[in-house]
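# Structural overview
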Amino acid sequence: MADISARKPVEHRALPSRWGPLQAHRDSCATPPHCARLASALSYDADVQHAAWDASRIRSVSCRSAIVGDLATAYLVCSAWRSTTRPVFMSEDFATCRLDRDAPRRRSRVAPKYRKTGYAEAFDDRTLWFDAIWDKGVVTLVCPRLNNLGSLVRTGTFTLDGRPAPMRLRTFYRHSLTRLKSPTLPQRVTFVAGNTQLETPVHEATPERFRGRNVIVTMSRNNDLVWIEDFARFHAQTQGAEGIVFVDNGSTDYEVGDLQRVLERAGLDALVLRTALTFGPRGRSPFGNTELFLQTCALNAVRLRYLQQARAVLCCDIDELVLSRTPASIFDATWQSRFGLTRFAGEWRYAPMPVEGDVVRHGDHGLRHLKKSACPAKWCVRPSGPLGDLQWRPHILEGFALNWAFRSSAFTYHHCRQITTGWKRDIALPEASRLVPTPTAREIAHGMRAAPRPRSALRPTGPVSVATTAVRRFGEVASRRFFGLRPALKAASLGLVAFIGLAAEEAIDNDPVSQEIAYLMQGFEN
């Protein structure tokens, strides 16, 4: 974090009432450096987490003394502040690192003409990394797409418990990954670039929690607890969901314990995580979702920390109910899939206007629009499968050119239009005359009697040779490595395989390589 003495003057807001004497003392001082530093340390930033940390730091350093009005203590407090690296994590759930107010900021890559009103306020320009995860000898920092901050990261220095760590950076559509080698689990990761010093804890991956289980991953903010319980119970009963990783985006209507209670009451093993970062801005087409960093960062952070050994993972929102058109559940179909991926489109569903005071529920959505287009596809993936190392986004696996090939007509989902607080979208409804009655998701599920089948019945139980198991395992590992490569390395790998194939065929039939290439080109022309 930048040295306080090097900070530019800031316009201070009024301090909380408990700092009233300090406010008066600060206002009475002209320019003594110790007062300026203390004022900067205690400036009541809009970032509540930073202000709270500032207050706790001063209380601890002052050794419970009455620092207000005591210039000597104020100087000691500021000296202690200045000599430390400032930790900037937002909560205990994610090791989130936020840039100081005077540090460089992330710049949007969306042109101003495509930004809606309020875009700048919703844009996250200060989060350097969302979470820090150690697994199998590597610390991975899951970052919102760095944009211009990539140059800051490349020129800075990372240390793990004080030891320098070489850095590798890879950028995706909405997020970036910074990887640091570490044979053992470090306690803290520190980043230094010029006067900027940042530090957060490092979380160890704990995939054992959901090993071999069917898990839902979702994000929510202030959705009604009734909706959340209905959503969880529906998927537990009709799809065989066993666990849920629930990322709460700073809800103010209830506490984490309330979420835990309703999810467990619905029959799921619930892990509730909370982050207060902004969800992100909505732009104009074709950049409507380009800088919605938070959800993509959260998906990949929980993938790395908790879900690598899950049986199958379903990504869907609280207003979405997944339906089977066959007796198989979405988790079973994905588990049996050779590539471990199932994608499926959705349909909008609407509910009649409720009586005043009543809560609209999923089961009330028995209307559909005859001409409404399909909703974007959602997915379910087997993390241990060939596509397990791909990056997750809400509607696709990033870096996989064949997402379209895995669309299944055996599944759909009902997108319940009135299950929303307006957190992510406008809730305006179409004219009632355009809506026609249709069975609800619960009625369809009961008609299918899609109760999850025993897992022993899903795959042949006959003996499998050691060689077959080894070949299958090698194929999955090789596929994971291949699909996780950068695009250039994928192309190079395919070229190498093609060359080896030509060489092997030439060795078998003793034809010149030039002739083999001529045959290949002729085949393309035909």
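Rules used throughout
Residues numbered from 1 in each chain as written. Predicted model: local features only at pLDDT ≥ 70, side-chain atom pairs only at ≥ 80, totals over all residues. Heavy atoms only, no water. Helix = DSSP H or I, 4+ residues; strand = E, 2+ residues; numbered from the N terminus. Buried < 20%, exposed > 50% of the residue type's maximum accessible area, 1.4 Å probe, protein only. Contact = heavy atoms within 4.5 Å. Areas by Shrake-Rupley, 256 points an atom, 1.4 Å probe, with all protein chains shown as cover. Salt bridge = Lys/Arg side-chain N within 4 Å of Asp/Glu carboxyl O. Pairing = 2+ DSSP bridges. Axes fitted to C-alpha atoms, helices over the stretch in contact; angles between N-to-C directions. Expected span 1.5 Å × (residues − 1). Polar contact = N/O pair within 3.5 Å; in protein donor to acceptor, adjacent residues only side chain to side chain. Right-handed = clockwise from strand over helix to strand, strands pointing away. Left-handed = near helix turned anticlockwise from the far one by under 90°. Nonpolar A, V, L, I, M, F, W, Y, C, P; charged D, E, K, R; others polar.

### Structural notes on the overall build of the protein
Counting secondary structure elements, the protein contains 14 helices and 24 strands. Here the protein holds 526 residues, and the buried ones make up 49% of them. Long-range contacts, defined here as pairs at least 24 residues apart, represent 75% of the contacts in the protein between residues at least 6 apart. A total of about 25,300 Å² of accessible surface is found on the protein, and carbon and sulfur atoms cover 56% of it.

### What to know about unusual backbone geometry
The omega torsion across S285 and P286 is 10 degrees, close enough to zero to call that bond cis. Looking at where P286 falls in the secondary structure, it is placed in the loop between β15 (269-274) and α9 (293-305). Of note in the backbone geometry, K136 takes a positive phi value of approximately 55 degrees without being a glycine. By the secondary structure assignment, K136 is in the loop between β4 (131-135) and β5 (138-144). The phi angle at N222 is positive, at roughly 60 degrees, despite the residue not being glycine. When you line up the elements, N222 lands in the loop between β13 (214-220) and α7 (225-238).

### Comments concerning the pattern of salt bridges
A full pass over the atoms with the stated rule returns 17 salt bridges. The closest approach of N and O atoms between R261 and D258, which form a salt bridge, is 2.4 Å. Taken as a pair, R261 and D258 lie in helix α8 (residues 256-265) at a separation of three residues, close to a single helical turn. Take R261: its relative accessible area is 46%, and that puts it in the partly exposed class.

### A look at the sheet that holds strand β12 (residues 203-204)
Taking strand neighbours across the sheet as the criterion, the five strands line up as β8-β9-β5-β4-β12 in an open arrangement whose pairing is mixed. Where the open sheet ends on each side, the last strands, each with one partner, are β8 (167-171) and β12. Where β4 meets β5, five bridges bridge the pair, whose relative direction is antiparallel. Looking at β5, one finds that A132 is bridged to L141. Sitting on the sheet, α9 is in contact with β4, β5, β9 (175-181) and β12, with an inclination near 165 degrees to β5.

### Description of α7
Within an α-helix, residues lying three or four positions from one another point in the same direction, as the helix has 3.6 residues per turn. End to end, α7 covers 20 Å across 14 residues, agreeing with the expected 20 Å (1.5 Å per residue, within 8%). Taken across its 14 residues, α7 has ten buried, putting it largely inside the fold. When we look at burial in α7, the residues that qualify are W227, I228, E229, D230, F231, A232, F234, H235, A236 and T238. Taking the backbone nitrogen of V226 as reference, a side-chain oxygen 2.8 Å away marks D224 as the first, capping residue of α7. The first or second residue beyond α7 is G240, which carries a positive phi of 80 degrees.

### Some details on the side chain of S251
Inspection of the secondary structure puts S251 in the loop between β14 (243-248) and α8. At 2.7 Å, the side chain of S251 forms a polar contact with the backbone nitrogen of N222. Reaching out from S251, the side chain makes a polar contact with the side chain of D248 at a distance of 2.5 Å. Ignoring any residue separated from it by four or fewer positions in sequence, one finds S251 in contact with S220, R221, N222 and R274.

### Observations concerning the environment of S384
Considering the arrangement of structural elements, one finds S384 in the loop between β20 (375-381) and β21 (391-392). The class for S384 is partly exposed, based on a relative accessible area of 25%. Sequence-wise, S384 and W335 are 49 residues apart; in three dimensions their C-alpha atoms are separated by 9.6 Å.

### Observations regarding the sheet that holds strand β17 (residues 320-324)
An order of β15-β14-β13-β16-β20-β18-β23-β17 is seen for the eight strands of this open sheet, with the pairing classed as mixed. The outermost strands of the open sheet, each flanked by one partner alone, are β15 and β17. This sheet shows a mean twist of 25 degrees between the axes of neighbouring strands, independent of strand direction. Two strands pair when backbone bridges link them, and strand β16 (residues 312-315) and β20 are joined in this way by three bridges, in the antiparallel orientation. Across the sheet, residue V313 finds its bridge partner in β20, namely V381. Running over the sheet, α7 touches β13, β14, β16 and β17 and is turned about 15 degrees from β17. Strands in contact with α9 are β13, β14, β15 and β16; relative to β13, the strand with the most contacts, it is inclined by about 150 degrees.

### Section: the pairing of β13
It is a general feature of regular strands that their side chains alternate between the two faces of the sheet. Burial within β13 is extensive, with seven of its seven residues counted as buried. In this view, the connection linking β13 to its parallel neighbour β14 by way of α7 has right-handed handedness.

### Regarding the side chain of N300
The topology assignment puts N300 in helix α9. Residue class for N300 comes out buried when judged on its relative accessible area of 0%. One polar contact links the side chain of N300 to the main-chain carbonyl oxygen of T296, over a distance of 2.9 Å. A polar contact is formed between the side chain of N300 and the side chain of R303, at a distance of 3.2 Å. The contacts of N300, once residues within four sequence positions are left out, are V142, H175, Q391 and W392.

### Considering the pairing of β9
The element β9 is largely enclosed, with a buried count of five among its seven residues. Inspection of the sheet shows β5 paired to β9 by seven bridges, in the antiparallel sense. Bridging across to β9, L141 finds its partner in T178. With five bridges joining them, β8 and β9 adopt antiparallel strand pairing. Among the inter-strand pairings, T171 is bridged to a residue of β9, identified as S176. Linkage of β8 to β9, two consecutive antiparallel strands, is achieved through a turn of three residues.

### Points about the packing of α7 against α8
Here α7 crosses α8 at 35 degrees, and the two axes come no closer than 8 Å. Here α7 and α8 pass one another in a crossing that is right-handed. Between α7 and α8, the residues in contact are L225, I228, E229, A232 and R233 and D258, L259, V262, L263 and R265, respectively. By residue class, the composition of the contact of α7 with α8 is six nonpolar, no polar and four charged.

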